[in-house]
Amino acid sequence: EDQVTQSPEALRLQEGESSSLNCSYTVSGLRGLFWYRQDPGKGPEFLFTLYSAGEEKEKERLKATLTKKESFLHITAPKPEDSATYLCAVQAVGSGGSNYKLTFGKGTLLTVNP
Amino acid sequence: GAVVSQHPSWVICKSGTSVKIECRSLDFQATTMFWYRQFPKQSLMLMATSNEGSKATYEQGVEKDKFLINHASLTLSTLTVTSAHPEDSSFYICSARDPRGLGTQYFGPGTRLTVL
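What you are looking at is a predicted structure, and each value in this text was computed from that prediction instead of being measured.

What counts, and where the lines are drawn
- Residues numbered from 1 in each chain as written.
- Chains lettered and ligands numbered in written order.
- Predicted model: local features only at pLDDT ≥ 70, side-chain atom pairs only at ≥ 80, totals over all residues.
- Heavy atoms only, no water.
- Phe/Tyr/Trp six-rings, centres within 6.5 Å; stacked < 30°, edge-to-face > 60°.
- Helix = DSSP H or I, 4+ residues; strand = E, 2+ residues; numbered from the N terminus.
- Buried < 20%, exposed > 50% of the residue type's maximum accessible area, 1.4 Å probe, protein only.
- Contact = heavy atoms within 4.5 Å.
- Salt bridge = Lys/Arg side-chain N within 4 Å of Asp/Glu carboxyl O.
- Polar contact = N/O pair within 3.5 Å; in protein donor to acceptor, adjacent residues only side chain to side chain.
- Core = buried A, V, L, I, M, F, W, Y, C linked by side-chain atoms within 4.5 Å.

1. Focus on the packing of aromatic side chains
Aromatic ring pairs are defined here through the distance separating the ring centres and the angle between the ring planes. With the rule as written, the count across this model stands at 10 aromatic pairs over all chains. Between Tyr 36 of chain A and Phe 104 of chain A, the ring centres sit 6.0 Å apart and the planes meet at 45°, which makes this aromatic pair tilted. Of this pair, Tyr 36 of chain A sits in strand E4 (residues 30-38) while Phe 104 of chain A sits in strand E10 (residues 102-104), and the two are 68 residues apart along the sequence. Judged by centre distance (5.3 Å) and plane angle (45°), the ring pair of Tyr 36 of chain B and Phe 107 of chain B falls under tilted. With Tyr 36 of chain B in strand E4 (residues 32-38) and Phe 107 of chain B in strand E10 (residues 105-107), the pair connects residues that are 71 residues apart, well separated along the chain. Each member of the pair Tyr 36 of chain B and Phe 107 of chain B is classed as buried. Taken together, Phe 34, Tyr 36, Phe 46 and Phe 104 of chain A together with Phe 28, Tyr 36, Tyr 106 and Phe 107 of chain B form an aromatic cluster joined through their ring pairs.

The structure is reproduced here in structure tokens:
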């Protein structure tokens, strides 16, 4: 069974204080690892897709990296508007109609104080 | 990024009535769409995978007769909650897989269902 574990559950930062969120995964074969941002009462917003170990992607203050067992979402000099829940999900290599299914972690609630 | 819409954004209904939620991919054709349910302060729980022109695939524990899914076109999937009860109150979110490029799933804004 595919499993995704995110840590920490919650993280409070001061504006400008850089940090990282962790996503550990267990999957039979990784098709892709996805990062989303979710604001309260809204659907998840796509951030990154990573496919192979060693891959890195950046967008503004965010940088996602991938190893064979985990992914990190690095946040550099965060601002209050970066406050949200960050979700990690994996897509496993499978067969049939569910081979695009995502398995989500429970998320990390990030709060950035001004 | 690709855009997925949901309608309505919120709905209140009486116990025993049925509610239909629409999910549309606005700028791409989605052969595969997904329906999720999210309880407060919890992560997304996949309910079913919807493939255009075929029957939906439901996750274990999800009642097929209660949550009817139809994917009649490449841009529209619907979820009908039949004979809704208060325990069906939740936040329902759809996603659509964009087959172009990396095949990323894009999510709709969600529908808040409250059953009285």
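2. Structural notes on the interface of chain A and chain B
At the interface, 21 residues of chain A touch 21 residues of chain B. Linking chain A to chain B there are one salt bridge. Between Lys 101 of chain A and Glu 59 of chain B there is a salt bridge, with its nearest N and O atoms 3.3 Å apart. Linking chain A with chain B are seven residue pairs in polar contact (both at pLDDT 80 or more), by the criterion used here. Residue assignment for the side of chain A that touches chain B shows that the elements contributing at least two residues are E4, strand E5 (45-50), strand E9 (84-92) and E10 of chain A. The element contributing the most residues to the side of chain A that touches chain B is E4 of chain A, with three residues.

3. Digging into the nonpolar core
In this structure, Phe 67 and Leu 113 of chain B are the most contacted members of the largest nonpolar core, which totals 27 residues. Only strand E2 (10-13), strand E3 (19-25), E4, strand E5 (45-51), strand E7 (67-73), strand E8 (76-81), strand E9 (90-97) and strand E11 (111-115) of chain B provide two or more residues apiece to this core. Counting 24 residues, the second-largest nonpolar core is a separate cluster that includes Leu 21, Trp 35, Leu 47 and Val 90 of chain A.

4. Digging into the side chain of Ser 90 of chain B
Residue and element names in this part refer to chain B. The residue Ser 90 is located in strand E9 in this model. Ser 90 sits in the buried class, given a relative accessible area of 4%. There is a polar contact of 3.5 Å between the side chain of Ser 90 and the side chain of Arg 37. Beyond its immediate sequence surroundings of up to four residues, Ser 90 is in contact with Arg 37, Gln 38, Phe 39, Thr 111, Arg 112 and Leu 113.

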